[in-house]
Amino acid sequence: MRNFLCGNCGRRVFFENSRCLSCQSELGFVPADLAIVTFQPVAADRSLPRVDGKGSHRRCANHTTAGGCNWMIPVERPDPFCRSCRLNHIIPDLSVIRNQQAWLKLEAAKRRLVYNLISLGLPVASKQEDPACGLAFDFLEDTPPGAPGDDHVLTGHVAGLITINLNETDDPKREAARQEMGEMYRTVLGHFRHEVGHYYWDRLVRDTPRIESFRKVFGDERMNYASALASHYAQGPPPDWQLRHVSAYAACHPWEDWAETWAHYLHIIDTLDTAAAEGLIVQEGPDQTVILPPHGRPFSEIAIQWRNVRLLLNGLNRSMGLPDPYPFFLAEAVIGKLTLIHDWVAEAAGKVMPQAAPLPTKQSA
Ligand SMILES: [Zn+2]
Ligand SMILES: [Zn+2]
Ligand SMILES: [Zn+2]
């Protein structure tokens, strides 16, 4: 993610800020600008004029809720909620205090995800705007023991609706799940990036001419999903999975391979963008400080930058006695999969997507 400066005092401010800590100016994220913008004090009608004179905005209605949203809405739009919060379908029961903290973490990760998607030029419509092809989120908690109903909420995606279990925001529970599943990495943001990969598979690949290229690179997704998953959990991944997949879970089915690789594509692009903004990119050629949007550059160039930044990132953590934030090896076959995603994201950016077919029957985890 790029750096932001206060438009009043020029000090560094951050994606999460709603006020400059140096000069106390009002700040908010304006999706159309992909930037934290500085505002004059709030007017009597609750609008905030921009200090750069380019109009006025209102704060998202979730600015004053446990969602803690710092995104802005142009005053001429009638929506009470911002572009990120409009994607919500079900939010947690906020009368339960622990759910308020859980929701705050989920919204923070979702805003970063939506920033990624907009930066890449991908369409991000809510289901209210586009009921057939839009995106929506349910943030659900497990039913308490003894209460009626299904006791466990599965994090997953079906037909544009992404469900995240609130347990994923609880650090001890998430770490216990990571160890139990034998994963090298498990984060809230990682879940968002994985599940939205399933959504964009429906939008970019399913029922399009790309399906044949997909099958050549990722495998045939018509293999039985439920039995593939059952066999993965019973027998584990093939011993040589690292030669073909970005993670062990990716080896279980082509849909999961795509979603895992998609999540890594977003990890790589966002982290490289941050590294470039901080002047940490190791130069391999002219003008390689601008990462987003990455369209028009071969992924082979990005992969070289990522190799260098990954080493730096892991090395910095080791210096602090912390685990590697990116403990993954990208084999040639995985670079090939990332290249396909990179090329299709570039093709999709700013273009009309193919219409979705009738709702699928699958639900992928
Ligand atoms: Zn300031
Ligand atoms: Zn919002
Ligand atoms: Zn999945």
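Bear in mind the structure is a predicted one, so any value in this text is a computation, not a measurement. (Residues numbered from 1 in each chain as written. Chains lettered and ligands numbered in written order. Predicted model: local features only at pLDDT ≥ 70, side-chain atom pairs only at ≥ 80, totals over all residues. Heavy atoms only, no water.)

All right, on to the packing of helix 3 (residues 188-204) against helix 6 (residues 254-277) then. Two elements in contact, helix 3 and helix 6, have axes whose closest approach is 8 Å; the angle formed by their N-to-C orientations is 115 degrees. Of the two possible hands of crossing, helix 3 and helix 6 adopt the one that is right-handed. Of the residues in helix 6, those in contact with Gly190, Arg193, His194, Val196, Gly197, His198, Tyr200, Trp201 and Leu204 of helix 3 are Trp255, Glu256, Trp258, Ala259, Glu260, Trp262, Ala263, Leu266, His267 and Asp270. Across the contact of helix 3 with helix 6, the residue classes tally to 10 nonpolar, 5 polar and 4 charged. (Axes fitted to C-alpha atoms, helices over the stretch in contact; angles between N-to-C directions. Helix = DSSP H or I, 4+ residues; strand = E, 2+ residues; numbered from the N terminus. Left-handed = near helix turned anticlockwise from the far one by under 90°. Contact = heavy atoms within 4.5 Å. Nonpolar A, V, L, I, M, F, W, Y, C, P; charged D, E, K, R; others polar.)

In this section: the packing of aromatic side chains. The geometry of an aromatic ring pair is captured by two quantities: the separation of the ring centres and the angle between the planes. This model, assessed by the stated rule, comprises 22 aromatic pairs. Their ring planes at 75 degrees and their centres at 6.3 Å tell us that Phe15 and Trp71 sit as a pair that is edge-to-face. You can see Phe15 sitting in the loop between strand 2 (12-13) and strand 3 (26-30) and its partner Trp71 sitting in the loop between strand 6 (56-59) and strand 7 (72-74), a full 56 residues away along the chain. Of the two residues examined, Phe15 and Trp71, each falls in the buried class. These aromatic residues form a ring-pair network of at least three members: Tyr199, Tyr200, Trp201, Phe214, Phe218, Tyr225, Trp255, Trp258, Trp262 and Trp344. (Phe/Tyr/Trp six-rings, centres within 6.5 Å; stacked < 30°, edge-to-face > 60°. Buried < 20%, exposed > 50% of the residue type's maximum accessible area, 1.4 Å probe, protein only.)

What follows covers the environment of Glu256. As for its position among the elements, Glu256 is in helix 6. Glu256 sits 53 residues away from Arg203 along the chain, and the two C-alpha atoms are 16 Å apart. A distance of 2.5 Å separates the side chain of Glu256 from the side chain of Tyr225, its partner in a polar contact. (Polar contact = N/O pair within 3.5 Å; in protein donor to acceptor, adjacent residues only side chain to side chain.)

Glancing now at the coordination of the zinc ion (ligand 2). Coordination angles at a metal have ideal targets, namely 109.5 degrees for four tetrahedral donors and 90 or 180 degrees for six octahedral donors. The protein atoms donating to the zinc ion (ligand 2) are Cys60 (SG), Cys69 (SG), Cys82 (SG) and Cys85 (SG), with metal-donor distances spanning 2.2 to 2.3 Å. Here the zinc ion (ligand 2) binds 4 donor atoms, and the angle range of 104 to 115 degrees at the metal identifies the geometry as tetrahedral. In the primary structure, the donors to the zinc ion (ligand 2) are separated according to the pattern C-x8-C-x12-C-x2-C. Here Cys82 and Cys85 have matching classes, each one buried. (Donors = N, O, S within 2.8 Å, 3.2 Å for Na, K, Ca; no water. Tetrahedral: all angles 85-135°; square planar, octahedral: opposite > 155°, others 65-115°.)

So, on to the sheet that holds strand 5 (residues 48-49). Spatially, the 3 strands line up as an open sheet ordered 5-6-7, and their pairing is antiparallel. Edge positions in the sheet fall to strand 5 and strand 7, since each has one partner strand and no second. (Pairing = 2+ DSSP bridges.)

Turning our attention to a nonpolar patch on the surface. On the surface, Leu280, Leu312 and Leu316 cluster together to form a nonpolar patch covering roughly 240 Å² of accessible area. If you trace the backbone, Leu280 turns up in the loop between helix 6 and helix 7 (299-319). (Patch = residues over 30% accessible without salt bridge, like charges linked within 9 Å, V, L, I, M, F, W, Y side chains within 5 Å. Areas by Shrake-Rupley, 256 points an atom, 1.4 Å probe, with all protein chains shown as cover. Salt bridge = Lys/Arg side-chain N within 4 Å of Asp/Glu carboxyl O.)

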